[in-house]
Amino acid sequence: MSRLQNRLDRSLTALTGLLPGSRANEPETTSRVDSTHTARVIAARCSCCHRSKTTIETTYWDGTLDHLRSAADEGCIRCSFLAKCIVSFASDIFQKQNSFRAWANFSTCELKVHRNGKPDNFVLDIFALHEQNNTPFNNIPIKRLLPGDTSSDMTSITIANWIQDCKSNHTDCNSIIPDFHDTSYSPKRLLDLTNARIVLRENVPGRPVYACLSHCWGRSNDLTKTTLENIDEFKTLIPWKDLTKTFRDAVEICRRAEINFLWIDSLCIIQGCKDDWDEQAPQMASIYRSAFVTIAATNSKETIEGCYRTAGADYLAKCVPGTDVYVRRQPSKFPTHWASISSEEWPLLNRGWIYQEMRLSRRVLHFCSQEVIWECQNARRSESGCSDKPLGSKDTQTYKTTMYGAVPYSKLAEDPRKLWYRTVQDYSRLQLTFEKDKMPALAALTRDMETLRADDRFLAGLWEKTLLLDLLWMVWPSPKTGRLATWRAPTWSWACVQSQVMWGSSVDHVLESVKVDDIRYVTTGPACMGEIQEASISLHVPLLRAKFDSARFESARLCWDPITPFLYDLVIQDEKMDYDFSLPGPCNILSPTEVFIAPIGINKLNCHHTGIVLRKQDRSIYERVGYAEIQHREVVDMFDKGLRGGRGMTWSFSVEGNEKLDLVTTFFMSIPVCSVTII
Ligand SMILES: [Zn+2]
Ligand SMILES: [Zn+2]
């Protein structure tokens, strides 16, 4: 008998003793069934995972925990192993209504259970600590045990190892800051942690190694702030008792990592002093980029909550008897992109101001709810191993040209237009306490973009050189807000809505007949801060008369105006309005309203024309109210047939589709262009 079989037998014996209602002593099912070949085959197959009970091949399977227990009793090695893992995690959840779903190689096992009278859905993390461990199945992932307290010495040692590894082995991280002791920039003020007394220092000589803190302010009254009144006092001593919990934890984290200087916004920028703000705010990019590391209080909503957390008992792994396998509740996985961030688990990552801090930081230590997670240019590392991932330019697996969301920023930098779309898409969904911060909270990244697009001009969140394509932003998902009470930006800018916006990924061409005629754009102060005095654009575009009817309940509330019959062949395939028009306020639309669709962009991949929806204000003055996609009726039919034929989105429209696209383009080109000014 093989060594593996021996191991499994041992596991099974241990398991059957653990399971309630075990039928280990009963004769095996196979010996009780009749002797026909078919019956033997059926009996040899597990009724739960539908595989041969004695092979180690694994697959996806699901069922109730009660069913799993029966399959384990009947001698299926997969079901036995999983049941044993679940018993080790919590023996009291084997009930009929409690269910599981397990993937091949036990890569993921989801449990839907009732515990202590409450529903509880979670992933059971099944792992080993080393490759050569005693595991009944191959490919059990290798992960690490959690210390369970992010203030522990074990966590500090892990952090020190990550720092050492990054310094020694990551060329990408060190090429930006050439040497640990050689940064090119130093902030005007830093907290000096060298001695027991914490002091605020100005113009520290040399190039000090410092950390930045990224945190939610929460209620401003709780925050320790430098003001014109206390700055002199802070230069001799910042009393420990005056520091909030998050600040104290950050000081301790620095000291443990042997970093002597710390930059905290509310202490290193004089609060309530406009001159100091105007001087320091534009330096934000340099401050975060030149920091050796950024400490992020990722699980804290307020400055009084601190950085450190203790993990619940479920997250501390238990060993599965007779094996070297461990089980635990899977720690929260670090969000893979900015579109899917839970505000409960990652409150910091939902704040607008934090977005650029994270983008600009070279290295980030996220203090999360169960563990610390490290991010640098090369890698993401987690104490548990659950959120480990290669990052940066070497991360080719997630590189898809058609989905901005999945493309690493470093790849996107090759195309500044798409990098900007991704930036706005990620940023626009985040929350701001003050709506007036929409542009300032992104200003550091805007300045970076100004460097990348040296001969271009920033226009209220769009760029002059790509203005026509930039105008084709859409609100997605559906807007839940009306227009802002206070004017912030022109209607053609995404900065005037409070919703997440995005751009269609393959709209790369512009209708030849569309031209920018005039741009009037004036700001007070630097363009990136977005304090707009005047903002209007004049375009030459074809205009198609349409109607917006909020009372229509079909999928589209936008339809052609019947007095324009030549539009029969064209379908408004998609519409995305900029606001919720049913809300009371300045953009409320009760009855059918006349609007115009101005086709601008061409998507050659899916044969769409994309345009903006305009509402006339006065003579040639229009406001933007939405976005629309137009397609030839026959292309829509072709696409539907393709979908029904199972060819899905990848189906190529190559010949017929492009013929229709050309037909529509020719039609649009034949419409006399109008001169419109959008404000
Ligand atoms: Zn089975
Ligand atoms: Zn690194």
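Refer to the preceding data block for the structure.
Here the residue numbering is sequential within each chain, running from 1 through the sequence in written order. Think of it this way: whatever chain is written first is A, whatever ligand is written first is 1, and the rest follow in order. It should be noted that, the model being predicted, local features are given only for residues of pLDDT at least 70 and side-chain atom pairs only at 80 or more, the latter also being counted only at that level, while totals for whole chains, interfaces and linings use all residues. Side-chain calculation: all heavy atoms of the structure are included, whereas hydrogens and water are not.

Asker: Pulling in residues and values, what's your account of the overall build of the protein?
Answerer: Along its length, the protein carries 19 helices and 29 strands. Residue exposure (1.4 Å probe, protein chains only): buried if accessible area is under 20% of the type maximum, exposed if over 50%, otherwise partly exposed. The buried share of the protein, taken over its 679 residues, is 54%. Helix and strand assignments follow DSSP, with helices taken as H or I runs no shorter than four residues and strands as E runs no shorter than two, numbered in order from the N terminus.

Asker: Now, about the sheet that holds strand 2 (residues 99-102): what can you tell me, with residues and values included?
Answerer: Should DSSP find at least two bridges between two strands, the strands are taken to pair. Pairing is antiparallel across the open sheet formed by six strands, whose spatial order is 1-2-3-4-11-10. The sheet is open, and its two borders are formed by strand 1 (61-64) and strand 10 (318-319), each paired with just one other strand. Across four bridges, the pairing between strand 2 and strand 3 (residues 109-115) is antiparallel. The residue of strand 3 that forms the bridge with arginine 101 is glutamate 110. Here helix 4 (residues 65-73) sits on the sheet and contacts strand 1, strand 2 and strand 3; the angle it forms with strand 1, its principal contact strand, is near 110°. Contacts between residues were defined by any pair of non-hydrogen atoms, one from each residue, lying within 4.5 Å. In this description, a line fitted to the C-alpha atoms serves as the axis of each element, helices being fitted only across the stretch in contact, and the angle between N-to-C directions of two axes falls anywhere from 0 to 180 degrees. Contacting strand 1, strand 2, strand 3, strand 4 (118-128), strand 10 and strand 11 (325-329), helix 5 (residues 77-89) crosses the sheet at an angle of about 115° to strand 4.

Asker: So what about the sheet that holds strand 13 (residues 372-375)? Which residues, and what values?
Answerer: A sheet is described by the order of its strands in space; here nine strands give the open sequence 6-5-8-7-9-12-13-14-15, paired in mixed fashion. The sheet is open, and its two edges are formed by strand 6 (199-202) and strand 15 (389-390), each paired on a single side. Here four bridges tie strand 7 (residues 210-214) to strand 9 (residues 293-296), and the two strands are oriented parallel to one another. Within strand 9, the position partnered with leucine 213 by the bridge is isoleucine 295.

Asker: Please give an account of the coordination of the zinc ion (ligand 1) that cites residues and values.
Answerer: Sodium, potassium and calcium take a 3.2 Å donor cutoff, other metals 2.8 Å, and in both cases only N, O and S atoms count; water is not among them, so sites may look incomplete. Protein coordination at the zinc ion (ligand 1): the donors are Cys46 (SG), Cys49 (SG), Cys76 (SG) and Cys79 (SG), at 2.2 to 2.4 Å from the metal. The coordination sphere of the zinc ion (ligand 1) comprises four donor atoms, whose angles at the metal cover 100 to 120°; the geometry is tetrahedral. Read in sequence order, the donor residues for the zinc ion (ligand 1) give the motif C-x2-C-x26-C-x2-C. Here cysteine 49, found in the loop between helix 3 (37-44) and strand 1, pairs with cysteine 76, found in the loop between helix 4 and helix 5; they are 27 residues apart in sequence, far enough to count as distant. Square planar and octahedral sites, with four and six donors, are those where opposite donors lie more than 155 degrees apart and all other angles lie between 65 and 115, tetrahedral sites have four donors with every angle between 85 and 135 degrees, and the rest are irregular.

Asker: Describe the coordination of the zinc ion (ligand 2), with residues and values.
Answerer: With distances of 2.1 to 2.3 Å, the protein atoms coordinating the zinc ion (ligand 2) are Cys166 (SG), His170 (ND1), Cys173 (SG) and Cys376 (SG). Around the zinc ion (ligand 2) sit four donor atoms; with metal-centred angles ranging over 97 to 121°, the donor geometry is tetrahedral. Donor residues for the zinc ion (ligand 2) sit on one chain with the sequence pattern C-x3-H-x2-C-x202-C. Of this pair, histidine 170 sits in the loop between helix 6 (153-169) and helix 7 (171-176) while cysteine 376 sits in the loop between strand 13 and strand 14 (379-382), and the two are 206 residues apart along the sequence. Here histidine 170 and cysteine 376 have matching classes, each one buried.

Asker: Account for helix 13 (residues 352-360), naming residues and giving values.
Answerer: Taking burial as the measure, the nine residues of helix 13 include eight buried ones, the bulk of the element. Regarding helix 13, the residues found buried are Gly352, Ile354, Tyr355, Gln356, Glu357, Met358, Arg359 and Leu360.

Asker: Please set out the pattern of salt bridges residue by residue, giving values where relevant.
Answerer: Here the idea is simple: oppositely charged side chains can pair when their charged atoms come close. One speaks of a salt bridge when a side-chain nitrogen belonging to Lys or Arg is within 4 Å of a carboxyl oxygen belonging to Asp or Glu. Under the definition given, this model contains 42 salt bridges. Between aspartate 66 and arginine 69 there is a salt bridge, with its nearest N and O atoms 3.1 Å apart. Separated by three residues within a single helix, aspartate 66 and arginine 69 lie in helix 4, roughly one turn from each other. There is no split in this pair, since aspartate 66 and arginine 69 are both buried. Between glutamate 202 and arginine 189 there is a salt bridge, with the nearest N and O atoms lying 2.8 Å from each other. Taken together, the positions of glutamate 202 in strand 6 and arginine 189 in strand 5 (residues 189-192) put the pair 13 residues apart, joining distant regions of the chain. A relative accessible area of 28% means that glutamate 202 is categorised as partly exposed. When salt bridges that share partners are traced, they join Arg115, Asp120, Asp314 and Arg329 into one network.

Asker: Explain the environment of methionine 439 to me, and be specific about the residues and the numbers.
Answerer: Within the element layout of this structure, methionine 439 appears in the loop between helix 15 (416-428) and helix 16 (443-452). Between the C-alpha atom of methionine 439 and that of glycine 461, which follows or precedes it by 22 residues, the distance is 7.7 Å. Those residues in contact with methionine 439, other than ones at most four positions away along the chain, are Phe458, Ala460, Gly461, Ala495, Cys528, Met529 and Gly530.

Asker: Let's hear about the environment of threonine 224: which residues, and what values?
Answerer: The residue threonine 224 is located in the loop between strand 7 and helix 8 (231-234) in this model. Setting aside chain neighbours within four positions, we find threonine 224 in contact with Phe234, Asp242, Leu243, Thr244, Phe247, Ser266 and Leu267.

Asker: Pulling in residues and values, what's your account of the environment of phenylalanine 127?
Answerer: Structurally, the position occupied by phenylalanine 127 is in strand 4. Exposure remark for phenylalanine 127: the relative accessible area of 0% places this residue in the buried category. Along the sequence, phenylalanine 127 and leucine 145 sit 18 residues apart, while their C-alpha atoms lie 9.5 Å from each other. In this structure, phenylalanine 127 is in contact with Ile140, Pro141, Lys143, Arg144, Leu145, Ala317, Asp324, Val325, Tyr326 and Arg328, ignoring residues within four places of it in sequence.

Asker: Can you lay out the packing of helix 13 against helix 16 for me, pointing to particular residues and giving the numbers?
Answerer: Contact pair helix 13 / helix 16: the axes reach a minimum separation of 8 Å and the direction vectors enclose 50°. The angle between helix 13 and helix 16 places the two elements in the oblique class. Every residue of helix 16 that contacts helix 13 at Tyr355, Gln356, Arg359 and Leu360 is listed here: Ala443, Ala444, Leu445 and Asp448. Along the lines of polarity and charge, the residues of the contact of helix 13 with helix 16 split into five nonpolar, one polar and two charged. We call two directions roughly parallel when the angle between them is under 35 degrees, roughly antiparallel when it is over 145, roughly perpendicular when it lies between 65 and 115, and oblique otherwise. Here the term charged refers only to Asp, Glu, Lys and Arg, the term nonpolar to Ala, Val, Leu, Ile, Met, Phe, Trp, Tyr, Cys and Pro, and the term polar to all other amino acids, Gly among them.

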